[in-house]
Amino acid sequence: MENKKNIDQKADLIWAIADKLTGIYKPHEYGEVILPITVIRRFDCILQEKKEAVLAKYEQVKALPLKDALLKNISGYEFYNTSKYTFSKLMDDPDHIEENFRDYLNGFSANVQKIIEKFEFDKHITRMANKGILYIVLKEFCSERGNLHPNVISNLEMGYIFEEIIRKFSEAHNEDAGQHYTPREVIHLMVNILFNDDNELLSSNNVAKTIYDPACGTGGMLSVAEEYLHTLNKSAKIIPFGQELNDQTFAICQSDMLIKGNDSEFIKDGNTLSEDQFEGKTFDYIISNPPFGREWKNEKDKVEKEAKLGFGGRFGPGLPAVSDGQMLFLLNAISKMKNIKEGGSRIAIIHNGSPLFTGEAGSGPSEIRKYILENDFLEAIIALPNDIFYNTGIATYIWVLSNKKKGTKRERKVQLINANELYEKRRNSLGNKRNDISDEQIAKITQIYGNFEENELSKIFDTT
């Protein structure tokens, strides 16, 4: 699916640019410069073709209240730029690079300017200009290997590049790179399972369904789901929704949605646990890899206030220990399921072992598990191989939930799948990631799940 040479070439460009920042920036700060410029350059490449037409139209309509829609129509995208500059034209005047670059950024449509603001990039323009490296850095992006047009590098490949940048620069700061993204093969497995028996989505013409990720990072899960569905049924549409706390990753996700022609307003920023931006909304599919072992002390007041609403809020069944918010994301996902009259919903969510085992009888975690089993939401738990995530080597599990088991072979049953040994060793490790799940192994796990039969890797139990 991905062109590895393309990705490696673009990643090499990015490390070369990072070298230009040495001495002025510390290694862990490189991402604050590289990420926004990469996003802006991507927009620049996309808008190149219709640039002159947009400028001509802008002269005609700049005083009109409807100019935004008219200019989007000419650019062919949900965004545009009305500055006379492009990256290559900025190279013609090194002496005024800061002033001209700001003019260029101010020429973007309001939705792109909002994305750039989230990166807090303005202070870096000043810093680079004062240190004499702004022109040098931008020039690197004007080389042939700096071409980030979708014809050269696909949206999915671009997602890999962003995640590689984040991983690299997070490692430089000993930060948790894995909080931002999930290995693609794990997402493929989750999406395979989510779509496994949805005949309407896989075979009907022009069907549209929604998918939601409450901790969407750069949007990798949503992008892979969309891309995968497109290979199965070109006429089907999956509409992505997501919420993300980190400003940088939120900005990347929004820009990705804009470029792909999705509604970027369906990606919201803010803390899902304390500021639910999709209150009262429900979705056909929910997919997520929420943070493991992260305390929710900062959100405690708002979460407890909502918990007092009982089942009128998202946290009716109970609350987990304040040291780990994973089960709050699980309850949030369950609250976003459509009722069965609307077709019901499926959830695939990743957890470590903690939500399976913590809490004595009567405790919050125990009451949450009891609620899930008594309502017959749990379809399967899949034990994944160790060492497949970038930031942790510990045991991880995919929980598969659904509110449409009634009348099927899964009613009042839970399937436990042991995929612990289904992996291939990596030649080179990436952080803690020493293993991969191959396409054949993804197919095997999906088949075990789909067959719903007992064998050496699959056990089926009554919910009781």
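The preceding data block contains the structure.
This one's a predicted model, so the numbers in the text were calculated from it and none came from an experiment. (Residues numbered from 1 in each chain as written. Predicted model: local features only at pLDDT ≥ 70, side-chain atom pairs only at ≥ 80, totals over all residues. Heavy atoms only, no water.)

## Concerning empty space enclosed by the protein
Worth spelling out the cut-off: With a 1 Å grid laid over protein atoms only, a set of points is called a cavity when a 1.4 Å probe fits there but cannot get out and a pocket when it is open yet has protein on both sides within 12 Å along at least five of seven lines; lining residues have an atom within 4 Å of a point. Grid points are joined across faces, edges and corners, and a volume is the space filled by probe spheres set on the points. Secondary structure elements are defined from DSSP: runs of H or I of at least 4 residues count as helices, runs of E of at least 2 residues count as strands, and each element is numbered from the N terminus.
Enumeration according to the criterion identifies two cavities of 30 Å³ or more in this entry. The computed volume of the largest cavity comes to approximately 120 Å³. If you go around the largest cavity, you meet 16 residues; those closest to its centre are Asn155, Met158, Gly159, Phe162 and Asp256. At the level of secondary structure, the elements contributing two or more residues to the lining of the largest cavity comprise α10 (155-172), α13 (220-232) and α14 (247-260). The biggest single contributor to the lining of the largest cavity is α10, with six residues.

## Remarks on the packing of aromatic side chains
To keep it simple, the criterion reads: Ring pairs are drawn from Phe, Tyr and Trp, using the six-membered ring of Trp, whenever the two centres fall within 6.5 Å, and their geometry is named by plane angle: stacked under 30 degrees, edge-to-face over 60, tilted for the rest. Relative accessibility decides the category of a residue: with a 1.4 Å probe and only protein chains considered, values under 20% of the type maximum give buried, values over 50% give exposed, and everything between is partly exposed.
All chains considered together, the criterion is met by 18 aromatic pairs. Centre to centre, the rings of phenylalanine 87 and tyrosine 104 are 5.9 Å apart; their planes meet at 80 degrees, and the pair counts as edge-to-face. One end of the pair, phenylalanine 87, is in helix α5 (residues 87-90); the other, tyrosine 104, is in helix α6 (residues 97-106), with 17 residues separating them in the sequence. Across the pair, exposure class does not vary: phenylalanine 87 and tyrosine 104 are buried alike. Ring geometry for phenylalanine 278 and phenylalanine 283: centres 5.8 Å apart, planes at 80 degrees, overall edge-to-face.

## Some points on the sheet that holds strand β11 (residues 458-462)
Strands belonging to one sheet form pairs held by backbone hydrogen bonds; the direction of such a pair is parallel or antiparallel. What counts here: If DSSP finds at least two bridges between two strands, the strands pair. Structural elements are reduced to axes, namely lines fitted to C-alpha atoms, with helices fitted over the stretch in contact, and the angle between N-to-C directions of any two is expressed from 0 to 180 degrees. The criterion used for residue contact is that any of the two residues' heavy atoms lie within 4.5 Å.
Taken in spatial order, the nine strands line up as β3-β2-β1-β4-β5-β7-β6-β8-β11 in an open sheet, and their pairing is mixed. Each end of this open sheet is capped by a strand with a single partner; those strands are β3 (267-269) and β11. When strand polarity is set aside, the average angle formed by the axes of neighbouring strands in this sheet is 20 degrees. Here helix α19 (residues 439-451) sits on the sheet in contact with β5 (346-352), β6 (378-383), β7 (396-402), β8 (413-418) and β11, set at roughly 160 degrees to β8.

## Points about helix α3 (residues 51-61)
Along an α-helix, a turn takes 3.6 residues, which lines up residues three or four apart on a common side. Selection criterion: In this context, the arc is that of the directions from the helix axis out to the C-beta atoms.
For α3, every residue scored as buried is listed here: Lys51, Val54, Leu55 and Val61. The buried residues of α3 all sit within an arc of 140 degrees when viewed along its axis, so they share a single face. Projecting away from the buried face of α3 at angles above 90 degrees are the exposed residues Glu52, Glu59 and Gln60. In this structure, the buried side of α3 is in contact with α2 (30-47) and α4 (67-75).

## Re the side chain of threonine 272
With respect to the secondary-structure elements, threonine 272 resides in the loop between β3 and β4 (285-288). Look at threonine 272 and you get buried, because its relative accessible area is 4%. The residues touching threonine 272, leaving out its near neighbours within four places in the chain, are Tyr212, Pro214, Gln243, Arg314, Phe329 and Asn332.

## Points about the nonpolar core
As a reminder of what qualifies: Here the nonpolar core consists of buried residues drawn from Ala, Val, Leu, Ile, Met, Phe, Trp, Tyr and Cys, with membership extended through side-chain atoms lying within 4.5 Å.
Formed by 98 residues in total, the largest nonpolar core has its most connected members in Phe101, Phe121 and Met128. Looking at this core element by element, the count peaks at eleven residues for α2. Apart from the residues within four sequence positions on either side, methionine 128 is in contact with Leu21, Tyr25, Val33, Ile37, Phe121, Ile133, Leu134 and Val137. Core analysis: the next-biggest nonpolar cluster, separate from the first, contains 33 residues, Phe315, Leu331, Ile349 and Ile372 among them.

## Examining the layout of surface pockets
The following threshold applies: Think of it as three bins: nonpolar holds Ala, Val, Leu, Ile, Met, Phe, Trp, Tyr, Cys and Pro, charged holds Asp, Glu, Lys and Arg, and polar takes everything else, Gly as well.
Its volume calculated, the second largest pocket comes out at about 480 Å³. What lines the second largest pocket is a set of 25 residues, among which Glu306, Gly312, Gly313, Arg314 and Ser335 lie closest to the centre. Going through the elements one at a time, α15 (300-307) and α16 (326-335) are the ones with two or more residues in the lining of the second largest pocket. Of all the elements, α15 adds the most residues to the lining of the second largest pocket, at four residues. In terms of residue class, the lining of the second largest pocket is built from ten nonpolar, seven polar and eight charged.

## Thoughts on the state of the cysteines
The cut-off we apply is this: Defined by distance alone, a disulfide is two cysteine sulfur atoms within 2.5 Å.
For the coordinates displayed, the defined rule picks out zero disulfides. Take cysteine 253: it sits in no disulfide, and the sulfur closest to it among the cysteines is that of cysteine 216, at 4.1 Å.

## Overview of α4
Of the residues making up α4, those classed as buried are Leu71, Lys72 and Ser75. For α4, the angular spread of buried residues about the axis comes to 105 degrees, placing them on one side. On its buried face, α4 is in contact with α2, α3 and α7 (110-118).

## Description of the pattern of salt bridges
Pairing is possible between side chains of opposite charge, provided their charged atoms come close. This is how it is decided: Salt bridges are identified by distance alone: a Lys or Arg side-chain nitrogen within 4 Å of an Asp or Glu carboxyl oxygen.
Here the structure, examined in full by the defined rule, presents 31 salt bridges. Residue aspartate 269 pairs with lysine 118 through a salt bridge whose shortest N-O separation is 2.4 Å. Note that aspartate 269 is positioned in strand β3 and lysine 118 in helix α7, a separation of 151 residues in sequence. On the basis of relative accessibility, which here comes to 25%, the residue aspartate 269 falls in the partly exposed class. With relative accessibility at 24%, the residue lysine 118 sits in the partly exposed group. As a salt-bridge pair, aspartate 436 and lysine 433 come within 2.9 Å of each other at their nearest N and O atoms.

## Let's talk about the packing of α6 against helix α8 (residues 122-130)
Two quantities define a packed helix pair, namely the angle between the axes and the distance from one axis to the other. Put simply, the test is: Each angle is binned into one of four classes, with values under 35 degrees roughly parallel, values over 145 roughly antiparallel, values of 65 to 115 roughly perpendicular, and all other values oblique. If you view the pair so one helix is near and one far, a crossing is left-handed when the near helix is turned anticlockwise from the far one by less than a right angle, and right-handed when it is turned clockwise.
Where α6 meets α8, the axes come as close as 10 Å, and the angle between the chain directions of the two elements is 160 degrees. Comparing their axes, α8 and α6 come out roughly antiparallel. In this structure, the crossing between α6 and α8 has a hand that is right-handed. From α6, Glu98, Phe101, Arg102 and Leu105 reach across to α8, where they touch Asp122, Ile125, Thr126 and Ala129. Its residues placed into classes, the contact of α6 with α8 shows four nonpolar, one polar and three charged.

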